[in-house]
Structures are given as structure tokens and as C-alpha cells.
Amino acid sequence: QVQLVESGGGLVQAGGSLRLSCAASLRTFSMYTMAWFRQAPGKEREFVAGISWSGGRTDYADFVKGRFTISRDNAKNTVYLQMTSLKPEDTAIYSCAATRWGSIVVPSTGYTYWGQGTQVTISS
């Protein structure tokens, strides 16, 4: 059974930082494109960042460019999201997702496996 388990969420003040982790039980983790999505209350789920299987390519939503960094460690079957300069509007549940597509997919429908998510709350 495939599991994606996120951790690292919490409550921080605006301007602070958090590092999210997503541990995957995928046997062939290094073959999956990984991504982070978020969903705020009353809003649609939205793409935050994606990373190719090798880590050689990344993609970010405009609203996080320059503030968030996605990375992965294939030896640990883990993908990370380093978040800096956090804003109250970044408050959401952050979930990681996996797909066998070779390219980074923005629509959430392109992902096969999902984690339960971790809550990130930014206070002003």
C-alpha cells in the first residue's frame, strides 16, 4: 500500500520559515515526479511546487517563487518544501503528491498518490 506522509507543519509568525517533509513508501520513488499542493479554507486546491524524478527540474507557482524551495532525497524516499518569508495568505493544508508522468504536472488530476496533508498556519 502506497503511503505519503507529510510532516513539519505548524504555527509560525509572518516572516518566519518552515520545512515540510513528505516520506513516501513508493518502491520506485526515484521514478516519480513529486509535487506540493495546498488548500486553504473555502478555496480550491492549488499547485505550489513540483520536482522531476531526478531533482533536475523544478517548477513553482508564481505566488511562492523566490520564497519556497522544493527538493528531494531519493535515497530517503523524501521530498521537502522549504518555506521562507511566510505570509498569512500561505495558511493552508499542504499535501504532497506523486505521479509517474515524466514532466511536472500542474493540475491535481495528474497525480496518482496523495498524502493526508499537514496544517500550516501563519499569524500576522
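Because the structure is predicted, anything quoted here is derived from the model rather than measured.

Here we come to the environment of S85. Along the chain, S85 turns up in the loop between β8 (78–83) and β9 (92–99). Taking the relative accessible area as the measure of exposure, S85 reaches 39% and is therefore partly exposed.

As a further point, take the pairing of strand β5 (residues 46–51). Put simply, side chains in a regular strand alternate between the two faces of the sheet. Where burial is concerned, most of β5 is hidden: five out of the six residues are buried. When strand β4 (residues 33–39) meets β5, the two strands line up antiparallel, connected through five bridges. The partner of W36 across the bridge, within β5, is A49. Between β4 and β5, which pair antiparallel one after the other, the connecting turn spans six residues, and G42 there sits at a positive phi close to 75 degrees. One ladder, built from three bridges, connects β5 with strand β6 (residues 58–60); its direction is antiparallel. The partner of A49 across the bridge, within β6, is Y60.

The subject of this paragraph is the state of the cysteines. Under the defined criterion, the tally for this structure stands at one disulfide. With its sulfur 1.9 Å from that of its partner, C22 forms a disulfide with C96. Its torsion about the S-S bond being 50 degrees, the disulfide of C22 and C96 is classed as right-handed. Of this pair, C22 sits in strand β3 (residues 18–24) while C96 sits in strand β9; the two residues are 74 residues apart in sequence, bridging distant segments of the chain. Assigned by exposure class, C22 and C96 land together as buried.

Calculation criteria
- Residues numbered from 1 in each chain as written.
- Predicted model: local features only at pLDDT ≥ 70, side-chain atom pairs only at ≥ 80, totals over all residues.
- Heavy atoms only, no water.
- Helix = DSSP H or I, 4+ residues; strand = E, 2+ residues; numbered from the N terminus.
- Buried < 20%, exposed > 50% of the residue type's maximum accessible area, 1.4 Å probe, protein only.
- Pairing = 2+ DSSP bridges.
- Disulfide = S-S within 2.5 Å.

Coordinates in, geometry out; function isn't part of it.
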